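# Coordinates in review
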Amino acid sequence: MSKRRTERLLSIVVLLLSSRRYLTAEQIRAAVSGYPDEQEAFKRMFERDKEELRDLGIPLETGRASQFDDDLGYRISRQDYELPEIHLEPDEAAVLGIASRVWQSAELAGAATGAALKLRAASREADGESRATPPGIQPRLTTQEPAFGPLWEAVRDRRPVTFDHLASGRSEVTKRTLEPWGVVNRHGRWYVAGHDRARNAPRVFRLSRITGPVKFAGPPGSVKVPDGADVRELVKDWDKPLTRDHTATLRVRADAGFALHRWGRVEQDAAHPGWDRITIDYSDPDWYARYLASFGPDVIVIEPPELREAVIRQLKGALT
Amino acid sequence: MVTSAERLRRLLALVPYVATRRVVGLAETAATFGMSERELIDDLNLVWCVELRAPEPYCPIDLSYEDGEISISQAESIARPLRLAADEASALLVALRMLAEAASFGRPSDSNHGDPNHGDPNRGDPNHGDSDHGDSDAVARLIAKIEAAAGAAGAASSQAAILIERPNAGGMAATLSGALAAGRRVHLRYYVPSRDEATERDVDPMRLLVVEGRTYLEGWCRRAEGVRTFRLDRVVSVDVLDMPAEVPEDAEPSDVDGGLFTASPSDLLAEIELAPAARWFAESTPCESVTELPDGRLRIGLRTPDTTWLRRLALRLGEDARVVAPAELADEVRATAAAALAQYE
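For clarity, every value in this text was computed on a predicted model and none was experimentally measured. (Residues numbered from 1 in each chain as written. Chains lettered and ligands numbered in written order. Predicted model: local features only at pLDDT ≥ 70, side-chain atom pairs only at ≥ 80, totals over all residues.)

We now examine the overall build of chain A. Assigned secondary structure in chain A consists of 11 helices and 13 strands. Since a compact globule built from 320 residues should have a radius of gyration of about 20 Å, the 30 Å found for chain A marks it as more spread out than a globular shape. Dimensions of chain A, computed from C-alpha atoms along their principal axes, come out at roughly 105 × 55 × 40 Å. Relative to its full complement of 320 residues, chain A shows a buried share of 38%. In chain A, of all internal contacts separated by at least 6 residues, the share reaching a separation of at least 24 is 57%. (Helix = DSSP H or I, 4+ residues; strand = E, 2+ residues; numbered from the N terminus. Rg over C-alpha atoms; globule rule 2.2 N^0.38 Å. Buried ≥ 20, exposed ≤ 12 C-beta atoms within 10 Å, placed from the backbone. Contact = placed C-beta atoms within 7 Å.)

So this is what it looks like as structure tokens:
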């Protein structure tokens with residue numbers, strides 16, 4: 001069944017590529033095997049075939065089959081169909097191999113390997129690949145967030161979307177309508193940046209905080225990405241590292257707290273043998289109190305008092 | 001089972017692949033297309049059977065396979081591959097740009113900004129420098145060629161960006177990529193945050209990986225006698241040893257495609273209850289199980305060989321987390337917190 005369908009679709013591609021004229025559905029039916037005799041069944045099957053060919057990216061054109069009748073016909077322009085001339089050097093083919101394994105999610109991994117096969121198919125020179133050393137570095141990209149697929153499509157096709165979003169530290173979900181400009185991966189996490197219609201301003205959303213389905217809210221091509229919009233910069237700004245504008249003084253056991261010893265300023269603490277006095281800069285007091293608490297009895301905060309209190313609160317919390 | 005569309009996509013690349021080469025090995029072709037020789041022969045038979053009945057009956061594709069070789073004498077209108085689709089061009093270009101950025105970390109020139117103690121082992125050896133630049137040039141050349149071939153289909157790729165953390169300020173990546181290229185063993189001083197200590201080990205480098213935005217060295221750890229991955233931002237120092245790397249032949253690269261950190265079933269299973277404020281933890285750490293509880297709380301199951309890490313984690317989460325099991329771990333957390341508090345009295 002599936003084999004006959006593949007055979008039929010392949011025949012249509014070969015037929016329409018070889019023809020300069022638009023061929024009607026009836027002419028196609030006469031030339032390829034496998035269509036049923038019954039008219040309605042044929043129509044349905046032909047519609048499905050056309051859709052499948054277009055989904056594969058085959059540029060199926062429609063036009064009037066002849067000037068004497070109004071029947072629609074089909075053809076595939078060779079120029080639109082064929083991959084332009086391309087020659088890959090062996091080292092480029094080695095790079096292509098690494099690049100086609102970067103995506104870990106099924107959909108884009110399939111797209112990347114599909115592209116690599118087309119490029120290899122067109123280029124005989126790529127066969128010298130085994131003589132080239134591939135790059136020693138191998139990146140991997142994962143897309144575990146369910147929102148990724150629809151957002152990737154929305155960005156590709158320039159369509160607005162709506163979704164529910166749970167902001168960090170909030171418990172209620174808000175509905176957002178976004179004109180997406182791009183997706184960005186940072187620190188291994190995916191973000192979408194674009195124009196938030198309700199806020200009438202650029203916004204960035206972390207994909208893992210999008211709950212429920214992402215729905216399209218407009219036709220393809222209806223999003224205009226403003227000139228000069230730089231999604232990388234938007235995400236960097238949104239998620240920028242905090243400046244370390246606080247300083248703590250700690251007493252740390254000399255044989256523990258490796259990270260504190262390495263990244264802080266260490267002095268011997270004459271009054272407390274076996275302990276060091278360390279001054280170290282930090283950014284977020286709440287985060288840092290938690291971090292210091294994780295050292296347990298190996299660290300005592302001397303100052304500032306707020307940090308000392310926060311660590312004590314944190315440790316009391318762990319008692320219950 | 002591949003769908004008819006997937007199979008058609010494959011055939012439309014397979015015919016040009018053979019046509020471009022005229023004669024090509026069966027085994028080699030099957031390997032390139034990631035299928036068995038049996039499946040390949042099925043595909044070839046299907047293509048060979050294609051027949052157009054009108055206006056004149058004819059078989060547009062003429063091919064044969066024998067003695068392990070395939071040849072095509074006529075491929076008609078499908079002798080060239082189909083253009084890249086938007087998803088294909090974008091997926092590949094985004095991956096290549098990420099590779100270009102990652103490879104730039106390994107460029108010897110970057111090590112000049114680094115810690116002088118982690119000097120570039122290849123300085124003065126022009127061959128290695130050249131090979132590194134060769135890689136990055138190949139990436140840049142390939143990007144340019146694909147952009148040209150893809151045309152408008154590649155446009156969407158500029159709307160997806162991958163930002164990679166620069167591993168350490170220094171030339172760590174350059175040093176390690178040099179050691180990798182030269183096939184040398186390295187000595188690492190490696191910080192293990194879960195135990196808050198630095199460990200010393202000799203490692204035979206296998207490859208550099210970028211996973212979830214971070215750069216790792218994968219290598220044969222001589223201390224653990226196994227393949228290990230090391231996060232570059234936790235490497236305290238690296239020395240390239242005057243000794244060849246000896247990666248055992250049976251050393252299997254870790255299966256990063258299934259996630260870098262896979263817990264072993266023999267590891268300790270801990271159960272922890274998280275308050276809403278600590279839900280982020282379940283998002284950022286691979287958990288064995290995650291169960292929703294009333295009021296936005298979560299119960300997670302974590303497998304780890306390392307109870308020190310769990311104890312530090314529980315102290316860090318404080319009142320937002322409660323160790324449910326094992327009971328000994330819960331006791332240990334309370335005892336550690338009490339000992340720490342006693343020092344403030």
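A separate point is the overall build of chain B. Check the secondary structure of chain B and you find nine helices and 13 strands. The buried share of chain B, taken over its 345 residues, is 40%. Considering only contacts in chain B between residues 6 or more positions apart, those separated by 24 or more positions represent 65%.

The next subject is the interface of chain B and chain A. In this assembly, 98 residues from chain B lie in contact with 95 residues from chain A. Among the elements that take part in the side of chain B that touches chain A, helix H4 (residues 86–105) of chain B stands out by supplying 13 residues, more than any other. Looking at the side of chain B that touches chain A residue by residue, the classes come out as 58 nonpolar, 15 polar and 25 charged. Inspection of the sheet shows strand E4 (residues 137–140) of chain A paired to strand E6 (residues 197–211) of chain B by four bridges, in the parallel sense. Its bridge partner lying in E6 of chain B, Pro139 of chain A is registered against Val210 of chain B. (Nonpolar A, V, L, I, M, F, W, Y, C, P; charged D, E, K, R; others polar. Pairing = 2+ DSSP bridges.)

What follows concerns the sheet that holds strand E12 (residues 298–304) of chain B. All names here are of chain B. Strand order across the open sheet formed by four strands is E11-E12-E10-E13, with antiparallel pairing between neighbours. Of all the strands in the sheet, the pair left with one neighbour each is strand E11 (289–292) and strand E13 (321–325). Looking at each pair of strands side by side, their axes are set apart by 25 degrees on average, direction ignored. Both E11 and E12 contribute to a ladder of four bridges, which runs antiparallel. Looking at E12, one finds that Ser289 is bridged to Gly301. (Axes fitted to C-alpha atoms, helices over the stretch in contact; angles between N-to-C directions.)

Moving on: the nonpolar core. If you look at the biggest cluster of nonpolar residues, it comprises 135 residues, and the most contacted ones within it are Ala112 and Leu151 of chain A together with Val15, Leu92, Ala95 and Leu99 of chain B. When residues in this core are grouped by element, the largest group, 13 residues, is from H4 of chain B. Here Ala95 of chain B is in contact with Ala99, Val102, Trp103 and Ala112 of chain A, once residues within four sequence places are set aside. Of all hydrophobic cores here, the second largest spans 34 residues; its members include Leu250, Tyr288 and Val301 of chain A together with Ala337 of chain B. (Core = buried A, V, L, I, M, F, W, Y, C linked by C-beta atoms within 7 Å.)

Moving on to the domain arrangement of chain A. By domain assignment, chain A separates into domain 1 (2–81), domain 2 (90–131), domain 3 (148–238) and domain 4 (246–319). Each of domain 2 of chain A and domain 4 of chain A has a C-alpha centre, and the two are 51 Å apart. (Domains from an automatic or database assignment.)

Right, let's get into H4 of chain B. With 20 residues, H4 of chain B extends 29 Å from end C-alpha to end C-alpha; this agrees with the ideal 28 Å at 1.5 Å per step. Across the 20 residues that make up H4 of chain B, a large majority, 16, are buried. (Expected span 1.5 Å × (residues − 1).)

So, on to the packing of helix H6 (residues 106–122) of chain A against H4 of chain B. The geometry of H6 of chain A relative to H4 of chain B is characterised by a closest axis approach of 8 Å and an angle of 95 degrees between their N-to-C directions. Comparing their axes, H4 of chain B and H6 of chain A come out roughly perpendicular. Contact residues: H6 of chain A offers Leu108, Ala111, Ala112, Gly114, Ala115 and Ala116 of chain A, while H4 of chain B offers Asp87, Glu88, Ala89, Ala91, Leu92 and Ala95 of chain B. Here the residues of the contact of H6 of chain A with H4 of chain B sort into nine nonpolar, one polar and two charged. (Parallel < 35°, antiparallel > 145°, perpendicular 65-115°, else oblique.)

Moving on: the packing of helix H1 (residues 2–18) of chain A against helix H1 (residues 4–21) of chain B. At their nearest, the axes of H1 of chain A and H1 of chain B sit 9 Å apart, and the two run at 50 degrees to each other. In terms of their interaxial angle, H1 of chain A and H1 of chain B are classed as oblique. Crossing hand, H1 of chain A versus H1 of chain B: right-handed. On H1 of chain B, the residues touching Ser2, Arg5, Thr6, Leu9 and Leu10 of chain A of H1 of chain A are Ser4, Arg7, Leu8 and Leu11 of chain B. Along the lines of polarity and charge, the residues of the contact of H1 of chain A with H1 of chain B split into four nonpolar, three polar and two charged. (Left-handed = near helix turned anticlockwise from the far one by under 90°.)

Residue and element names in this part refer to chain A. Mapped onto the fold, Ala201 is located in strand E8 (residues 201–206). Since 8 C-beta atoms lie within 10 Å of it, Ala201 is described here as exposed. Sequence spacing of Ala201 and Asp80 is 121 residues, and the spatial spacing of their C-alpha atoms is 39 Å.

On to helix H9 (residues 327–342) of chain B. Spanning 16 residues, H9 of chain B covers 23 Å between terminal C-alpha atoms, matching the ideal 22 Å at 1.5 Å per step. Looking only at H9 of chain B, the buried set comprises Val333, Thr336, Ala337 and Ala340 of chain B. In an axial view of H9 of chain B, the angular spread of the buried residues amounts to 95 degrees, which keeps them on one side of the axis. Of the exposed residues in H9 of chain B, the ones pointing more than 90 degrees away from its buried face are Ala327, Glu328, Asp331 and Ala342 of chain B. For H9 of chain B, the elements touching its buried residues are helix H11 (305–319) of chain A together with helix H8 (307–317) and E13 of chain B. (Arc of directions from axis to C-beta.)

Turning our attention to the environment of Pro219 of chain A. Its place among the elements puts Pro219 of chain A in the loop between strand E9 (210–216) and helix H8 (231–238). According to the C-beta neighbour criterion, Pro219 of chain A is exposed, with 11 such atoms within 10 Å.

Residues and elements named next belong to chain A. If you trace the three strands from one edge of the open sheet to the other, you get E1-E3-E2, paired in antiparallel fashion. With one partner strand each, in any of the chains shown, strand E1 (23–24) and strand E2 (60–66) form the two edges of the open sheet. Pairing analysis gives six bridges linking E2 to strand E3 (residues 69–76), with the strands arranged antiparallel. Its bridge partner being in E3, Leu60 is matched across the sheet by Ile76. Contacts from H1 reach E1 and E3 within the one sheet, and its direction differs from that of E3 by about 105 degrees.

Turning next to the pairing of strand E8 (residues 226–231) of chain B. Residues and elements named next belong to chain B. Of the strand pairs in this sheet, strand E7 (residues 214–221) and E8 are connected by six bridges, and their pairing is antiparallel. Opposite Gly219, over in E8, you have Arg228 as the bridge partner. Counted between consecutive antiparallel strands, the loop separating E7 from E8 contains four residues, among which Glu225 sits at a positive phi close to 50 degrees.

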